[in-house]
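# Close look at the chain arrangement
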Amino acid sequence: ANAGAELYREAERDRLAFWANQANRLTWATPFTQVLDYSDAPFARWFADGKLNVAYNCVYRHVAAGHGDRVAIYWEGEPVGDSRAITYAELLAEVSRAANALTELGLTPGDCVAIYLPMIPEAIVAMLACARLGIMHSVVFAGFSAHALRARVDDARAKLVITADGHYRHGEPEPLKTAVDKAVAGADTVEHVL
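A short tour of the structure in this document, coming up. (Residues numbered from 1 in each chain as written. Predicted model: local features only at pLDDT ≥ 70, side-chain atom pairs only at ≥ 80, totals over all residues. Heavy atoms only, no water.)

Glancing now at the state of the cysteines. Summed over the entire model, instances satisfying the criterion amount to 0 disulfides. With no disulfide partner, Cys 58 has as its closest neighbouring cysteine sulfur the one in Cys 130, 13 Å distant. Of all cysteine sulfurs, the one in Cys 130 lies closest to Cys 112, which takes part in no disulfide; the gap is 7.8 Å. (Disulfide = S-S within 2.5 Å.)

Here is the structure:
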């Protein structure tokens with residue numbers, strides 16, 4: 001949305017330098033030494049030896065830079081008038097609490113969490129908490145049936161499903177937890193529902 005003609009010219013002149021410049025706008029825990037590894041064509045590996053944390057880049061670095069009082073999320077929900085403004089500092093606190101809860105449930109890097117939530121700030125908190133800990137997550141559309149949710153839980157081998165009691169859809173309340181209860185009944189990998 002903010003790209004002008006010069007940005008496109010820069011990318012055309014040297015695409016690898018362009019992507020290195022873009023990547024260096026992020027904070028890397030381990031800086032990359034190679035932008036693109038195409039030695040196993042047609043498979044490409046971008047920034048393969050670098051490591052970063054999405055939660056750090058989305059939240060923590062903004063608080064550390066003194067921007068904790070700035071709004072990170074403006075949210076408008078249903079019913080009309082249900083809204084929230086969440087600062088970076090508030091988001092950091094929520095992500096930290098959620099990450100602690102995931103740790104207390106025994107989740108470790110490499111585990112997977114299915115997130116079956118409506119479009120609410122808690123969905124973002126759940127994703128960032130997973131990212132903070134190196135836990136994979138699979139966002140499942142809250143309008144999917146119990147059967148569709150179960151298929152995604154099984155495919156991801158999710159140990160945890162995060163959900164809500166319900167949500168509004170087109171102005172009408174809709175349950176979510178009942179679908180989760182059906183979906184996880186007999187699921188081999190699910191250890192907890194939050």
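Here we come to the environment of Gly 166. Within the fold, Gly 166 resides in strand β10 (residues 166–169). Considering only alpha carbons, one finds Gly 166 and Met 127, 39 residues apart in sequence, at a separation of 19 Å. (Helix = DSSP H or I, 4+ residues; strand = E, 2+ residues; numbered from the N terminus.)

With that out of the way, let us pick up the environment of Asp 155. Its place among the elements puts Asp 155 in helix α6 (residues 146–156). When the C-alpha positions of Asp 155 and Leu 128 are compared, they lie 21 Å apart, and in sequence the two are 27 residues distant.

Summed over all chains, the structure comprises 7 aromatic pairs. Measuring from centroid to centroid gives 5.0 Å for Trp 28 and Phe 32, while their planes differ by 70 degrees, and the two rings are edge-to-face. On the basis of relative accessible area, Trp 28 is assigned to the buried category, the value being 16%. Taking the centre distance of 4.8 Å and the plane angle of 65 degrees together, the rings of Phe 32 and Phe 47 count as edge-to-face. One end of the pair, Phe 32, is in the loop between β1 (28–30) and β2 (36–40); the other, Phe 47, is in the loop between β3 (43–46) and β4 (51–52), and 15 residues separate them in sequence. In terms of burial, Phe 32 and Phe 47 fall into one category: buried. (Phe/Tyr/Trp six-rings, centres within 6.5 Å; stacked < 30°, edge-to-face > 60°. Buried < 20%, exposed > 50% of the residue type's maximum accessible area, 1.4 Å probe, protein only.)

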